[in-house]
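For reference, the chains in residue letters:
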Amino acid sequence: MNTQDIVILKDQAVADIRAAGTPADLEAVRIKYLGRKGLLPVIMEGLKDAVPAERPEIGRRANEFKQEVGQALDAAKAALTAASSAATRGHFDTTIPGAWRGLGQLHPVTQVIEEAIRIFSMLGFTVADGPDIETEYYNFDALNTPGDHPSRDTQDTFWLDSGELLRTQTSPVQIRVMESRKPPVRIIAPGRCYRRDTTDATHSANFHQIEGLYVDRKVSMADLKGDITFFAHQMMGPNVKVRFRPHFFPFTEPSVEYDFSCHVCGGVGCRVCKQSGWIEISGAGMVNPKVFSKVGYDPEACTGYAFGMGVERIAMIKFGIEDIRLLYENDIRFLSQFA
Amino acid sequence: MKVPLSWLKEYVDIDLSPKEVASLLTFSGTEVEGIQTLGGDFTGVVVGEVLSVSRHPNADRLTVCQVSTGTGDITVVCGAPNVAVGIKVPLATLGVTLPNGLKIKKAKVRGVESFGMLCAEDELGLSDDHKGLMILPPETVTGTPFAEIAGPPETVLELEVTSNRPDCLSMIGMARELAALLGRPLRIPDPVVKEEKRSVESLAAVSIEDAEGCPRYTARVISSVTLAPSPRWMQRRLTAAGVRPINNVVDVTNYVMLECGQPLHAFDYELLEGRKIVVRRAREGEQMSTLDGSARAVDSGMLLIADAARPVAVAGVMGGAGSEIRDVTRTVLLESAFFKPSGIRKTSKRLGLSTESSYRFERGVDLEGVEWASRRAAQLMVELAGGSAAAGVIDCFPCKPARKRIGMRFQRARDLLGVDLADERMVAIFEALGLTVCTKEALRCEVEIPAFRVDLDQEADLIEELSRIHGLDKVPSPAPDSIIIPGADDSAARALLVCREHLVGLGLSEIMNYSFLSEKLLNLVGFGNPGNRILLPNPISADHTVLRDSFIPQMLETLGRNRARQAREAALFELGRVFFKRADGKNGEEDRVCVGLLGPVGRSGIQKTQPVKDEDMYAWIKGLLEEFCRALHVESVRRGGMSRMNLATAPCDHGCFEPGRAVSVSVAGESCGVMGLVSERLRNEWRLVEPVAVMELSLAPLLKQVGRVPVSSSVGAYPGVERDVAMVVEAGVSHEGVLNVVSGVAPQELVGIRLFDVYRGENLGKGRKSLAYSMTYRSLDRTLTDEEANAFHDRVKAALRKELSAEIREGA
Ligand SMILES: [Zn+2]
């Protein structure tokens, strides 16, 4: 036995391993070469007959043989096991339905409110709040509404037996905020409002508004235009245009109404904008000095703007909702579209 | 208000298209809601005379008419109810296309051939009237081209005038706006009345008993009028403006009202007892019948026009039946007056009667223009009705108020608008609007306000005029500044946002219901205290009569509605306000959250098909509550090594829940709400057969810690040792009871306890159950030995034996 014999033996062993098709075959190969009565022990046995000078080299080779053949056997066995396991465990369907507890979603009205809060927060507005059950003073008187203004009628307003009323607008929050702090003021006030409107596709007796108020030493109509335009771009997209029309509200002077260009047709005219290219959003204006006087602000020392916007209206245009009643019907198939 | 463009052009030169005019008005504050074209090309439409009318042989409602076209006779089938022999009617001949798009062709109508069409006003595009044929005056010559009668096509703007601008409720008012916008002169007619010698004072007298309600009253007398239809041009204008022509006298009053905004009333002078007008308050119990034929009870809050004997008109609202203009009227007493707006508004409201006249008076007419209107109407009555006007006018105007003067600082205007506007431009705008700039100084000007501008009374109002006329589009729209307001705090609002986000993260979808609902629904659920509810005295419908004091009724309704629409599951929440009478009797409101669960919401994937047991549903809603509270940083209490949320429950036996399957919840010792499985009785109302869980919590106690900043502590570097315990206990022993016993004796090293098995079986004996827990012991400073862990565990087991008579199953 010499080193050459060992190399030949190794080649034989590798060939045998390759030929083995089952774990039993492999076991036979292992026994043939590495078993107690296998070929390797025979080599080791012959070592004592070898020339003393060759002994270390033969020993080293024999060890090498043992290691390499052992590794080859392990690898072949692993490969065979893997193949057989795939066969026994069968097909793995990676297309099964996923199963993780799902997320819910916010109501579209809330989504618009949260988005508005996010947008105005960027400008330093903070959120203010007021009660749904208001006094006549906050809802009308302090807002310079004439005593016999039709909006005060039982026809339009939900009066309560207590003499209070369900607020018809979020504007009373303006008064509450100005009564409680000195200028500068930068707030938005989202909330529920109530009017005795007969419910139809665009009217709901229970609806939401977002009030905005900015009072400082030198606030101008230009500031109002700039801020509303910024809001429009953030809420509806950068290509939306805003236009302002003079209007009349008792609590602002000058008063304006503003429209957004239709984001569906880009202003060309379509079903959503009733072919006009524009969608009326709501009213705004410069705070009437009479309102400042009511809350104890000096109308000479400050100016301000205020706006109110209908949340449902924005949600309807933003999400393409055709009937306001869908927003209060709570059909989960409808709501799940706003995830 | 409807404004025919041709009428406007009488007062101001307009060379813009109707669309351009509309845009100009819309962007100066008077919204143009529509542009209507009346009439059109009437080639081929002639005046036809109906010669004979016979029943259609095959149709009850149709007639067959012989109609003269002036050049021949043709047969026309007609469906109008007012067809009659001898009438003159617009006749559309063959080949004509009418303004409404209808093409006239020879056609067989139910077997009879028709060679044209007799037209109604709507078919000619002259109005919306389709009651019957448009019958022309008998003197109209048969065969006249209809275009000669109808005149050229008219463009009508439909305006929405804001309530503060009564001066715009007239042609001259709108012309004034356009004149200012276009920088063109305004032409106001200067009426001259051909008067007779007799003075009006010799014919009539006026006395005002309530000068506050009626600061000015004028009267003229026009005699020898001949009632007849007004001339075509006037009828056309009135029709285009939406007012039906009646006769020359009444039409003149309406015409002048539309022209200048001053409502006028014409009395039959002969019917005025004592030839006298008395402006007075109504007497208690007084009755009068108005022009519309109704008998009306008037009260002392209302202003009447009376003669020497009886009321003849409700001032500013409607005339009386006993003094109205008749066909035989020969002499007219013409009223032009100013009535206090608030008085008219009250009267109109109380009588439930709103007229063109009351609409204008309640907004405020031009106190200074009262006489002009009277003069203008007299002029037209003389011209058009052949009348003869008595000399002069009775003008009761005891107290002429001085005109308002308002100062305006030029720089203030520039600052408020944020636009660079020259002083001169401002002055020019005021003058173009008919205001008088009395003084112009370096920094300010003073403006005198004519009476027709009832809306102007402070500096800001003048600045608004500048922005309107100069144009809001010329105000710049700069990029916004972010401005931080020191001390601003909206953490309360943020907390609600956080709440909603967590609920969504927990898999719930937000719903929104009205704040009001029916008492029936509230009572069905029976939640809250009916005596403390806030009722709506004036609801819009029977379904919305009470403010909600709980979300649960609408939540159940919502679940039921979705179930009925085949939803298999729903996990919903609503966050908002409830309303109730507080202990002190005042109205109160509170923020709450409500959760509703239906179907296998706690399972995922194909496991959803397994039936949902009460235990499952309860565990889900409870788990949801715990996770929600954890997310909101609800305060924890530590007992031994374990930390638990300070969340306590107590049995709740409210009838809307299944008995024994609901609890009231308190957070950090504060009562917070309820949670449980909905009773079968209620579920049946909406055919919900599976378990349904609801929870309603007040937000205030939950949100107290929401902004708390967590403080970290070591989680320990050494491994824990797990020891299990299985025991048989009485069925009444609760998990909470086990926790209490364990935490009572637990060392610092007990850091976890987990229930992993509950078993009830015959073999355990009646009324007994088996519970299995896994406990984790861990030390922060060393690895616990088995002996140490066993010692701790033995102590726990001993306590369970002692306190709960637990039968510990060793070696299990
Ligand atoms: Zn569009």
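For the structure given in this document, a descriptive report is provided here. (Residues numbered from 1 in each chain as written. Chains lettered and ligands numbered in written order. Predicted model: local features only at pLDDT ≥ 70, side-chain atom pairs only at ≥ 80, totals over all residues. Heavy atoms only, no water.)

1. Observations concerning the overall build of chain A
Step number 1: The number of helices and strands found in chain A is 11 helices and nine strands.
Step number 2: Relative to its length of 339 residues, chain A is extended, with a C-alpha radius of gyration of 42 Å against a globular reference of 20 Å.
Step number 3: Once the C-alpha set of chain A is aligned to its principal axes, its extents read approximately 125 × 45 × 45 Å.
Step number 4: Buried residues in chain A amount to 52% of all 339 residues.
Step number 5: Considering only intrachain contacts with a sequence separation of at least 6, the fraction spanning at least 24 residues in chain A is 67%.
Step number 6: Accessible surface, chain A: about 15,600 Å² in total, of which carbon and sulfur atoms supply 54%. (Helix = DSSP H or I, 4+ residues; strand = E, 2+ residues; numbered from the N terminus. Rg over C-alpha atoms; globule rule 2.2 N^0.38 Å. Buried < 20%, exposed > 50% of the residue type's maximum accessible area, 1.4 Å probe, protein only. Contact = heavy atoms within 4.5 Å. Areas by Shrake-Rupley, 256 points an atom, 1.4 Å probe, with all protein chains shown as cover.)

2. Things to note about the sheet that holds strand β26 (residues 444-449) of chain B
Residue and element names in this part refer to chain B.
Step number 1: Spatially, three strands are ordered β24-β26-β25 in an open sheet, and the strand pairing comes out antiparallel. Strands with a single pairing partner mark the edges of an open sheet, and in this sheet they are β24 (404-409) and β25 (436-440). On average, each strand axis in the sheet is tilted by 25 degrees relative to the strand beside it, whichever way the strands run.
Step number 2: The pairing of β24 with β26 spans six bridges and is antiparallel. (Pairing = 2+ DSSP bridges. Axes fitted to C-alpha atoms, helices over the stretch in contact; angles between N-to-C directions.)

3. Details of the sheet that holds strand β6 (residues 88-93) of chain B
Residues and elements named next belong to chain B.
Step number 1: The five strands lie next to each other as β5-β4-β3-β6-β9, forming an open sheet whose pairing is antiparallel. Two strands close off the open sheet at either side, each with one partner strand: β5 (73-78) and β9 (116-118). Sheet twist, expressed as the average angle between the axes of neighbouring strands with direction ignored, equals 45 degrees.
Step number 2: Two elements, β6 and β9, share three bridges in a ladder whose sense is antiparallel. Considered in β9, the bridge of Ala 92 is made with Met 117.

4. Some details on the interface of chain A and chain B
Step number 1: Taken together, the contact between chain A and chain B spans 87 residues of the former and 83 residues of the latter.
Step number 2: Summed over both partners, the interface of chain A with chain B comes to about 7,000 Å²; 55% of that surface belongs to carbon and sulfur atoms.
Step number 3: Across the salt bridge formed by B:Arg577 and A:Asp129, the nearest N and O atoms sit 2.6 Å from each other.
Step number 4: On the surface where chain A and chain B come into contact, there are 45 residue pairs in polar contact (both at pLDDT 80 or more).
Step number 5: Considering only residue class, the side of chain A that touches chain B consists of 37 nonpolar, 24 polar and 26 charged. (Buried area = accessible area lost by both parts, 1.4 Å probe. Salt bridge = Lys/Arg side-chain N within 4 Å of Asp/Glu carboxyl O. Polar contact = N/O pair within 3.5 Å; in protein donor to acceptor, adjacent residues only side chain to side chain. Nonpolar A, V, L, I, M, F, W, Y, C, P; charged D, E, K, R; others polar.)

5. Digging into the packing of helix α10 (residues 410-417) of chain B against helix α11 (residues 423-432) of chain B
Pairs of packed helices are described in terms of their axes, by the angle between the two and the distance that separates them.
Residues and elements named next belong to chain B.
Step number 1: Closest axis-to-axis distance for the α10/α11 pair is 10 Å, and the angle between their directions is 90 degrees. Here α10 is positioned roughly perpendicular relative to α11, judged by the angle of their axes. Of the residues in α11, those in contact with Phe 410, Ala 413 and Arg 414 of α10 are Asp 423, Met 426 and Val 427. (Parallel < 35°, antiparallel > 145°, perpendicular 65-115°, else oblique.)

6. Examining the coordination of the zinc ion
Geometrically, a metal with four donors at the corners of a regular tetrahedron has ideal angles of 109.5 degrees, and one with six donors at the corners of a regular octahedron has ideal angles of 90 or 180 degrees.
Step number 1: Here the zinc ion is held by A:Cys262 (SG), A:Cys265 (SG), A:Cys270 (SG) and A:Cys273 (SG), and the distances to it run 2.2 to 2.3 Å.
Step number 2: Around the zinc ion sit four donor atoms, and with donor-metal-donor angles ranging over 106 to 112 degrees the site reads as tetrahedral. (Donors = N, O, S within 2.8 Å, 3.2 Å for Na, K, Ca; no water. Tetrahedral: all angles 85-135°; square planar, octahedral: opposite > 155°, others 65-115°.)

7. Comments concerning the pattern of salt bridges
Residue and element names in this part refer to chain B.
Step number 1: The full count for this structure, using the stated rule, is 87 salt bridges over all chains.
Step number 2: Arg 310 serves as the salt-bridge partner of Asp 307, at 3.1 Å between the closest nitrogen and oxygen.
Step number 3: Classification of Asp 307 by relative accessible area gives buried; the value is 3%.
Step number 4: Close ionic contact of Asp 616 with Arg 603 constitutes a salt bridge, the shortest N to O distance being 2.9 Å. Of this pair, Asp 616 sits in helix α16 (residues 614-631) while Arg 603 is found in the loop between β31 (587-598) and α16, placing the two residues 13 residues apart along the sequence.
Step number 5: One network of salt bridges, in which partners are shared, links Arg 165, Asp 167, Glu 177, Arg 453, Asp 455, Glu 465 and Arg 468.

8. Some words on helix α1 (residues 3-19) of chain A
For an α-helix the count is 3.6 residues per turn, leaving residues at separations of three or four pointing the same way.
All names here are of chain A.
Step number 1: Between its terminal C-alpha atoms α1 stretches 25 Å, which fits the 24 Å expected from 17 residues at 1.5 Å a residue.
Step number 2: Taken together, the buried positions of α1 are occupied by Ile 6, Leu 9, Ala 13 and Ile 17. End-on view of α1: buried residues confined to an arc of 80 degrees, all on one side of the axis. Structural note: α1 exposes Asp 11, Arg 18 and Ala 19 on the side pointing more than 90 degrees away from its buried face. (Expected span 1.5 Å × (residues − 1). Arc of directions from axis to C-beta.)

9. Things to note about the nonpolar core
Step number 1: Among the nonpolar cores identified, the biggest contains 175 residues, and A:Tyr258, A:Phe260, A:Phe307, A:Met309, B:Met408 and B:Leu556 are the most heavily contacted of them.
Step number 2: Top contributing element to this core by residue count: helix α8 (residues 221-236) of chain A, with nine residues.
Step number 3: Sequence-distant contacts of A:Phe307, that is, excluding residues within four places in its chain, are made with A:Phe120, A:Ile188, A:Ile210, A:Glu211, A:Gly212, A:Leu224, A:Ile228, A:Tyr258, A:Gly283 and A:Ala284.
Step number 4: Membership of the second largest hydrophobic core comes to 41 residues, among which are B:Val221, B:Phe267, B:Phe338 and B:Leu353. (Core = buried A, V, L, I, M, F, W, Y, C linked by side-chain atoms within 4.5 Å.)

These figures capture arrangement, not role.
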